[in-house]
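Here's the letter readout for the chains.
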Number of protein chains: 2
Amino acid sequence: MAKINRNYLSLPGSYLFSRIGEKIRCFQEQHPEADIIRLGIGDVTQPIAPAIISTLHDAVDEMGDAETFHGYAPDLGYEFLRSAIAQKDYRERNCDISAEEIFISDGAKCDCGNIQEIFSTDNRIAVCDPVYPVYVDSNVMAGRCGKYDPQTGRFANVIYMPCTKENGYVPQLPEEVPDLIYLCFPNNPTGAVMKKDKLQEWVDYAVYHGSVILYDAAYEAYISEAEIPHSIYECEGARKCAIEFRSFSKTAGFTGLRLGFTVVPKELEAEGTALWPLWARRHGTKYNGAPYIIQRAGEAVYSAEGRRQVLSQVAYYMENAKIIYSSLRSAGYEVSGGVNAPYIWLRTPGRMTSWEFFDYLLEEAGVVGTPGSGFGPSGEHYFRLTAFGDRKRTIEAVERIGRL
Amino acid sequence: MAKINRNYLSLPGSYLFSRIGEKIRCFQEQHPEADIIRLGIGDVTQPIAPAIISTLHDAVDEMGDAETFHGYAPDLGYEFLRSAIAQKDYRERNCDISAEEIFISDGAKCDCGNIQEIFSTDNRIAVCDPVYPVYVDSNVMAGRCGKYDPQTGRFANVIYMPCTKENGYVPQLPEEVPDLIYLCFPNNPTGAVMKKDKLQEWVDYAVYHGSVILYDAAYEAYISEAEIPHSIYECEGARKCAIEFRSFSKTAGFTGLRLGFTVVPKELEAEGTALWPLWARRHGTKYNGAPYIIQRAGEAVYSAEGRRQVLSQVAYYMENAKIIYSSLRSAGYEVSGGVNAPYIWLRTPGRMTSWEFFDYLLEEAGVVGTPGSGFGPSGEHYFRLTAFGDRKRTIEAVERIGRL
């Protein structure tokens, strides 16, 4: 008789963004006339840049001609894309990462969710609190997190690292040593960043204890200040302790095109076993590569024209971030983030819980954001707004919030 | 200290097609002048059909315009594609499957590899022998297969169902009852098919014992005979015991575009728990949808023009299959498959092992096929050729083999 994976039953409620979507659908059904502005799920709104569109058309034509048709992609991604990444994202920042160490995928969410598979189920994980739900949920599914306590909103076997106003939303090195450490900077959801000397402390800590850092750098394109590292490999020793995740979703608006990559340095080991072959084996066995045309689109992001165009989109969103930040601050809200990240993190007014504030904003202002508590218990009484909206709509949203 | 998933170390050698690729690379380095014909990995060679190319261009243009840009796809896939599939692949064949029960993905390989996650690690799996390696390898990675015996080429906890000349390459119902049963028809690698009355026996068996059938129908488009079921849901009771995987790779040449889907009926349960929400949760947590433009391309496969064009490609490949089948038979080989499937299964001449014949064909004829033993111990002394080549090259390949 078939038996289910009971770990799935330990997952509390539905995936955060599915729940938000459900709430919006219900509200829309009841208020078909409502003009809803979405600053919630973190989806981009700017169209794909012209240089990339043009590359996509060329690649589509290649697929329509037997001479230039591409079938199965190489297991780990096309060389042209891996080389461009190694050069532009790493070597030009003095990071010692080679094309061979880059695994192309259909997005950082998938990679962040799948990476735990190459580790034993008895590893103890550490996550920031609040945190992007995929890190914890994928470990719950694998049975790594123990019992869920609905009172505290925490799993027994997870080491939570609170990120609060007091520590500037940057976690302290945990006293109890974790085996796997999830870090995401610039941070989702708080918009906080970690300076290089601080990140170096984490790398040293991980090397010393034999922990592996799973470093999500999906938002590195939004860094505006010089002293903030774009990659964990800017730190000495990171090749021995860190896996890095990157995404084209926020860098170049690929949320609907799906492209990302993971870096696994060849010298990274656990228990004396190299991790590169394990991830390569997973990739080769359970994945079949990102579409050729999408990998070509990714390559175009690194061309001179593509680069200029996507940077101007990032600048557009960061202007939104400034507008949200300053408007909310003027309206009396306590806000952070938004300087090196497309996320603005705000404290809910009065004694409202995050979900109360979600309902309040949706019903009274027709604005959708993301409840901070959906990212973990320390996110309670906080709320995330994203800078990915259209300019006019973003201004309209903060004006509506200001009028409340 | 981080600990690895030791199950990965139980995997014997590298993934079959990676090993073949490595052997070809070495041979090419040593013989740069060699003209190699690949009838091995099962990759298609016909370009994407014109109706689909045209749809792709339109969808790319949509992505370049803010008014029609598409960001994150709905978790389970776009309604337009799910509806087309439910109508054309299921309702028109009198299968009771709704759009809601269809999960869009980036390919059947990924889904076949990931599906085991929603089941407990103590399920006992059954696979055909020979078999597509992903079914076993993904279960080895999860720790479900026990110890590997290099002598027999078998894992201790897997129920192997030999598919041999004697049983027409169709397995018998196993005496020891498995929890999860992987079936693939039309079969990869043997090209064998299962008639409807036989498949009904499997469905009855699974319903009786509470087993779940994981039915890989990636090659259904190649069925030419009327009595062969295209979907397991043509059998009564299958909604209570079966998950079905489908792919656009072989149907419409999408190996480089990446699109597939999985059907999980709402009434399918294990231990009284519905499987639909578990798979939906996995999809929502670890996956972010197939690209919008690729889903639009998938929809075009179901248009009148698209349908006509992809059927003509299938016919082209099936003509190749006929040529391979009859040429090899004339040359004195023992062959099967190739009538309802793009695969020809042949017995190696003399006492040659599958890998010996692989090397022999590569070195003496410059033809690449797939060693039967790579699909399991009962595949030893067999060899797979695929019909996915170019016509001229296919003819050249069988002529070279005939001359040996």
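Rules used in this analysis
- Residues numbered from 1 in each chain as written.
- Chains lettered and ligands numbered in written order.
- Predicted model: local features only at pLDDT ≥ 70, side-chain atom pairs only at ≥ 80, totals over all residues.
- Heavy atoms only, no water.
- Helix = DSSP H or I, 4+ residues; strand = E, 2+ residues; numbered from the N terminus.
- Rg over C-alpha atoms; globule rule 2.2 N^0.38 Å.
- Buried < 20%, exposed > 50% of the residue type's maximum accessible area, 1.4 Å probe, protein only.
- Contact = heavy atoms within 4.5 Å.
- Areas by Shrake-Rupley, 256 points an atom, 1.4 Å probe, with all protein chains shown as cover.
- Lys, Arg positive; Asp, Glu negative; His and termini not counted.
- Charge placed at Lys NZ, Arg CZ, Asp CG, Glu CD.
- 1 Å grid on protein atoms, 1.4 Å probe; cavity = no way out; pocket = protein on both sides within 12 Å on 5 of 7 lines; lining within 4 Å.
- Points joined across faces, edges and corners; volume = space filled by probe spheres on them.
- pLDDT = per-residue confidence, 0-100.
- Least-squares fit on C-alpha atoms with pLDDT ≥ 70 in both.
- Phe/Tyr/Trp six-rings, centres within 6.5 Å; stacked < 30°, edge-to-face > 60°.
- Lys NZ or Arg CZ within 6 Å of the ring centre and 35° of its normal.
- Pairing = 2+ DSSP bridges.
- Axes fitted to C-alpha atoms, helices over the stretch in contact; angles between N-to-C directions.
- Polar contact = N/O pair within 3.5 Å; in protein donor to acceptor, adjacent residues only side chain to side chain.
- Salt bridge = Lys/Arg side-chain N within 4 Å of Asp/Glu carboxyl O.
- Parallel < 35°, antiparallel > 145°, perpendicular 65-115°, else oblique.
- Nonpolar A, V, L, I, M, F, W, Y, C, P; charged D, E, K, R; others polar.
- Buried area = accessible area lost by both parts, 1.4 Å probe.
- Disulfide = S-S within 2.5 Å.
- Expected span 1.5 Å × (residues − 1).
- Arc of directions from axis to C-beta.

Engineer: For this particular structure, what's the right way to read the overall build of chain A?
Structural biologist: For chain A, the count of helices and strands is 12 helices and 17 strands. Relative to the compact-globule value of 22 Å for 404 residues, chain A shows a C-alpha radius of gyration of 21 Å, a close match. Residues classed as buried in chain A amount to 63% of the 404 residues present. Within chain A, counting contacts between residues at least 6 apart in sequence, those at least 24 apart form 72% of the total. Looking at chain A as shown, the accessible area adds up to about 14300 Å², and 48% of this sits on carbon and sulfur atoms. Where the 41 positive side-chain charges of chain A centre and where its 53 negative ones centre are 3 Å apart.

Engineer: Would you mind going over empty space enclosed by the protein with me for this structure?
Structural biologist: Where empty space is left becomes clear once a probe the size of a water molecule has been rolled over the atoms. In the structure shown here, the tally under the stated rule is 6 cavities of 30 Å³ or more. Of the volumes computed, that of the largest cavity is approximately 190 Å³. Residue lining of the largest cavity: 19 residues in total, with A:Asn114, A:Tyr287, B:Asp106, B:Asn114 and B:Tyr287 positioned closest to the centre. Listing elements by their share of the lining of the largest cavity, those giving two or more residues are α4 (108-114) and α8 (276-286) of chain A together with α4 (108-114) and α8 (275-286) of chain B. By residue number, the principal contributor to the lining of the largest cavity is α8(A), which donates 4 residues.

Engineer: When you look at the confidence of the model for chain A in this model, what are you seeing that I'm missing?
Structural biologist: In low-pLDDT regions, the fine details of the predicted coordinates are not to be read closely. On average, residues of chain A carry a pLDDT of 96, and 100% of them reach 70 or more. Here the predicted complex carries an ipTM of 0.96, next to a pTM of 0.96.

Engineer: How do you make sense of the relation of the copies chain A and chain B when you look at a structure like this?
Structural biologist: What relates the two chain copies is a rotation about an axis together with a slide along it. If you rotate chain A by 180 degrees and push it 0.0 Å along the axis, it lands on chain B with an RMSD of 0.0 Å. Taken together, these values place the two copies in the relation of a two-fold axis. Considering only C-alpha atoms, the part of chain A nearest the rotation axis is A:His57, at 3.1 Å. Here 100% of the interface residues in chain A have copies in chain B that are interface residues too; the copies meet face to matching face.

Engineer: Sorry, what's going on with the packing of aromatic side chains here?
Structural biologist: The relative placement of two aromatic rings is captured by the distance of their centres and the angle of their planes. Residue and element names in this part refer to chain A. Considering all chains together, one arrives at 52 aromatic pairs over all chains under this definition. A ring pair is formed by Tyr-169 and Tyr-382, whose centres lie 6.2 Å apart and whose planes are at 85 degrees; its orientation type is edge-to-face. Of this pair, Tyr-169 sits in the loop between β6 (159-162) and β7 (180-184) while Tyr-382 sits in strand β17 (residues 382-386), placing them 213 residues apart in sequence. Each of the two residues, Tyr-169 as well as Tyr-382, counts as buried. Through a chain of ring-to-ring contacts, three or more aromatic side chains come together here, namely Tyr-90, Tyr-233, Phe-248, Phe-254, Phe-261 and Tyr-302. Sitting over the face of the ring of Tyr-316, Arg-391 holds its NZ or CZ atom 4.4 Å from the ring centroid.

Engineer: Would you mind showing me how to read the sheet that holds strand β13 (residues 335-337) of chain B here?
Structural biologist: Residue and element names in this part refer to chain B. With respect to topology, 4 strands assemble into an open sheet ordered β13-β14-β17-β16, the strand pairing being antiparallel. Each end of this open sheet is capped by a strand with a single partner; those strands are β13 and β16 (370-371). In this structure, strand β14 (residues 343-347) lies alongside strand β17 (residues 382-386), joined through 5 bridges in antiparallel fashion. Looking at the pairing, Ile-344 lines up with Leu-385 of β17. Across the sheet, helix α11 (residues 354-365) is in contact with β14, β16 and β17; its angle to β17 comes to roughly 45 degrees.

Engineer: Please explain the side chain of A:Asp179 as it appears in this structure.
Structural biologist: The topology assignment puts A:Asp179 in the loop between β6 and β7. Separated by 2.6 Å, the side chain of A:Asp179 and the backbone nitrogen of A:Arg124 make a polar contact. Not counting the four nearest positions on each side in its chain, A:Asp179 is found in contact with A:Asp122, A:Asn123, A:Arg124, A:Ser211, A:Val212, B:Met1, B:Ala2 and B:Lys3.

Engineer: Explanation requested: the pattern of salt bridges in the structure shown.
Structural biologist: Where side chains of opposite charge bring their charged atoms close, a pairing between them can arise. One pass over the structure, following the stated rule, counts 48 salt bridges over all chains. A:Lys286 serves as the salt-bridge partner of A:Glu117, at 2.8 Å between the closest nitrogen and oxygen. With a gap of 169 residues between them, A:Glu117 in the loop between α4 and β3 (125-129) and A:Lys286 in helix α8 connect regions that are remote in the sequence. Overall, the relative accessible area of 10% leaves A:Glu117 in the buried class. Across the pair B:Asp359 and B:Lys23 runs a salt bridge whose closest N-O atoms are separated by 3.0 Å. In this pair, B:Asp359 is assigned in helix α11 and B:Lys23 in helix α1 (residues 16-30), connecting sequence segments 336 residues apart. B:Asp359 gets classed as partly exposed once you look at its relative accessible area, which sits at 24%.

Engineer: Sorry, what's going on with the packing of helix α2 (residues 50-63) of chain B against helix α10 (residues 304-330) of chain B here?
Structural biologist: If you want to describe how two helices pack, look at the angle between their axes and the distance between the axes. Residue and element names in this part refer to chain B. In contact at an axis separation of 7 Å, α2 and α10 are set at 130 degrees when each is read in the N-to-C sense. Taken together, the axes of α2 and α10 are oblique relative to one another. In this structure, α2 contributes Pro-50, Ala-51 and Ile-52 to the contact, and α10 contributes Glu-305, Gly-306, Gln-309 and Val-310. Per-class residue counts for the contact of α2 with α10 are 4 nonpolar, 2 polar and 1 charged.

Engineer: How should the interface of chain A and chain B be read in this particular structure?
Structural biologist: Many authors give the size of an interface as the accessible area that is lost as the parts come together. If you look at the interface, chain A gives 82 residues, while chain B gives 82 residues. Counting the surface lost from both chain A and chain B, the interface buries some 6800 Å², and carbon and sulfur atoms represent 57% of this. At the surface where chain A touches chain B, the tally comes to 6 salt bridges. A salt bridge links A:Arg6 to B:Glu271, with the shortest nitrogen-to-oxygen separation between them at 3.6 Å. Summed over the shared surface of chain A and chain B, the number is 37 residue pairs in polar contact (both at pLDDT 80 or more). Taken together, the elements giving at least two residues each to the side of chain A that touches chain B come down to α2 (50-63), α4, α5 (133-141), α8 and α9 (292-301) of chain A. Tallied by class, the residues present in the side of chain A that touches chain B amount to 36 nonpolar, 28 polar and 18 charged.

Engineer: Please explain the side chain of A:Ser138 as it appears in this structure.
Structural biologist: Position of A:Ser138 relative to the elements: it lies in helix α5. Here A:Val134 takes part through its backbone oxygen, which lies 2.7 Å from a polar atom of the side chain of A:Ser138. Of note is the side chain of A:Ser138, whose polar atom sits 3.2 Å from the backbone oxygen of A:Tyr135. If near-sequence neighbours (up to four positions away) are discounted, A:Ser138 is found in contact with A:Cys112, A:Gly113, A:Gln116, B:Thr285 and B:Lys286.

Engineer: Can you walk me through the state of the cysteines in this structure?
Structural biologist: Here is the idea: a disulfide is a covalent bond, and it sits between the sulfur atoms of two cysteines. Under the criterion given, the structure shown has 0 disulfides over all chains. Here A:Cys112 stays free of any disulfide, with the sulfur of A:Cys184 as its closest cysteine sulfur at 7.8 Å.

Engineer: How should the pairing of strand β3 (residues 125-129) of chain B be read in this particular structure?
Structural biologist: Two faces make up the sheet, and in a regular strand the side chains alternate between them. All names here are of chain B. The buried fraction of β3 is high, at 5 of 5 residues. Burial along β3 is two-sided: Ile-125, Val-127 and Asp-129 and Ala-126 and Cys-128, pointing in opposite directions, are all buried. Both β3 and strand β6 (residues 159-162) contribute to a ladder of 4 bridges, which runs parallel. Considered in β6, the bridge of Ala-126 is made with Ile-159.

Engineer: Is there a simple way to explain helix α11 (residues 354-365) of chain A in this structure?
Structural biologist: Count 3.6 residues to each turn of an α-helix, and residues three or four apart come out pointing the same way. Residue and element names in this part refer to chain A. Helix length check: α11 (12 residues) gives 16 Å between terminal C-alpha atoms against 16 Å at 1.5 Å per residue, within 8%. Three or more residues of α11 are buried, namely Ser-354, Trp-355, Phe-357, Phe-358, Leu-361, Leu-362 and Ala-365. Down the axis of α11, the buried side of the element spans an arc of 160 degrees, and every buried residue falls inside it. Residues of α11 that are exposed and angled more than 90 degrees away from the buried face: Glu-363 and Glu-364. The secondary structure elements touched by the buried residues of α11 are α1 (16-30), β14 (343-347), β15 (367-368), β16 (370-371), β17 and α12 (391-403). Directly after α11, the chain includes Gly-366, whose backbone phi takes a positive value near 65 degrees.

Engineer: Would you explain unusual backbone geometry in this entry?
Structural biologist: With the exception of glycine, most residues fall at negative phi, and the peptide bonds are largely trans. Note the cis peptide between A:Asn188 and A:Pro189, where omega equals 15 degrees. The residue B:Arg258 is not glycine, and still its phi comes out positive at about 70 degrees. Tracing the chain through its elements places B:Arg258 in the loop between α7 (249-252) and β10 (260-263). By relative accessible area, B:Arg258 is classed as buried at 2%. Even without being a glycine, B:His381 presents a positive backbone phi close to 70 degrees.

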